[in-house]
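# Architecture at a glance
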Amino acid sequence: GVEHHRVGLVERARGLDGVEHRVEVEECRTRRDHSQRSRADRLLVRVAGDLEKPNGIIGTPDGKALYVADIGAGKTYRYDSAPDGSLTGKTLVAEHGSDGMTLDSEGHLYLTGDGVLVLDREGRQVEHIPVPDERWTSNVSFGGKDRRTLFITASTGLYGVRMRVKGANTAK
């Protein structure tokens, strides 16, 4: 069903154009578990309504693509992203959902769950990073001064592994 939410200040949002906006939303209508974006006119706009339970999300550094994991359906999709934030060209990337995800400088996609799956641009698994003694990994992010350390959150711990590649996005 439709839920009404009164929302005050939604702090800061960075648009796909790279411009940071202070977004204030007086009232918005949302349907549960749908991806949304905020426009400069301060309205939340549904950009994908056909996902069961979207969760992990990451955009490419050039802003041209957006990856969204549907953890409810156990799938991850790639969308083409227009400058106005609209999405087209939904493509199945993997038959695997994810809590969190990130990209490296070579375009590999990292998905969480049973360790970390690393997929190439075509969605083929090229590596699996096991996290021993953990039931579930929940998020991943490149960090460190040279952005070559992959940090992994899991059920009971935080882990790091040095990588040959750098993270693609400076903020993730």
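Above this text is the structure in question.
About the cut-offs
Residues numbered from 1 in each chain as written. Predicted model: local features only at pLDDT ≥ 70, side-chain atom pairs only at ≥ 80, totals over all residues. Heavy atoms only, no water. Helix = DSSP H or I, 4+ residues; strand = E, 2+ residues; numbered from the N terminus. Polar contact = N/O pair within 3.5 Å; in protein donor to acceptor, adjacent residues only side chain to side chain. Salt bridge = Lys/Arg side-chain N within 4 Å of Asp/Glu carboxyl O. Buried < 20%, exposed > 50% of the residue type's maximum accessible area, 1.4 Å probe, protein only. Pairing = 2+ DSSP bridges. Axes fitted to C-alpha atoms, helices over the stretch in contact; angles between N-to-C directions. Phe/Tyr/Trp six-rings, centres within 6.5 Å; stacked < 30°, edge-to-face > 60°. Lys NZ or Arg CZ within 6 Å of the ring centre and 35° of its normal.

Residue position: threonine 156 is located in the loop between β16 (149-154) and β17 (158-162). As a C-alpha pair, threonine 156 and glutamate 134 span 22 residues in sequence and 7.0 Å in three-dimensional space. At 2.6 Å, the side chain of threonine 156 forms a polar contact with the side chain of glutamate 134.

Applying the stated criterion across every chain, the model contains seven salt bridges. Note that glutamate 95 and lysine 75 form a salt bridge whose closest N and O atoms lie 2.7 Å from each other. One end of the pair, glutamate 95, is in the loop between β10 (87-94) and β11 (101-103); the other, lysine 75, is in strand β9 (residues 75-81), with 20 residues separating them in the sequence. Judged by relative accessible area, which is 22%, lysine 75 ranks as partly exposed. A salt bridge links arginine 78 to aspartate 80, with the nearest nitrogen and oxygen atoms 2.9 Å apart. Owing to a relative accessible area of 29%, arginine 78 belongs among the partly exposed residues under this scheme. Through salt bridges with shared partners, a single ionic network connects Asp120, Glu122 and Arg124.

As a further point, take the sheet that holds strand β7 (residues 54-59). Spatially, β7-β8-β9-β10 is the arrangement adopted by the four strands of the open sheet, whose pairing is antiparallel. Since the sheet does not close on itself, it has two edges, and those belong to β7 and β10, each with one partner. Averaged over all neighbouring strand pairs, the angle between strand axes comes to 25°, with direction disregarded. Where β7 lies against strand β8 (residues 65-70), four bridges are found, and the strand directions are antiparallel. Each bridged residue has a counterpart across the sheet, and for isoleucine 58 the counterpart in β8 is tyrosine 67.

Note on aromatic pairs: each is described by the distance of the centres and the angle between the planes. Inspection of the entire model under this criterion finds one aromatic pair. Geometrically, the ring pair formed by tyrosine 110 and phenylalanine 142 is edge-to-face, given 5.3 Å between the ring centres and 90° between the ring planes. Of this pair, tyrosine 110 sits in strand β12 (residues 109-113) while phenylalanine 142 sits in strand β15 (residues 137-143), and the two are 32 residues apart along the sequence. You'll find tyrosine 110 and phenylalanine 142 in the same group, each marked buried. In this structure, lysine 90 is placed above the aromatic ring of tyrosine 77, and the distance from its NZ or CZ to the ring centre is 4.1 Å.

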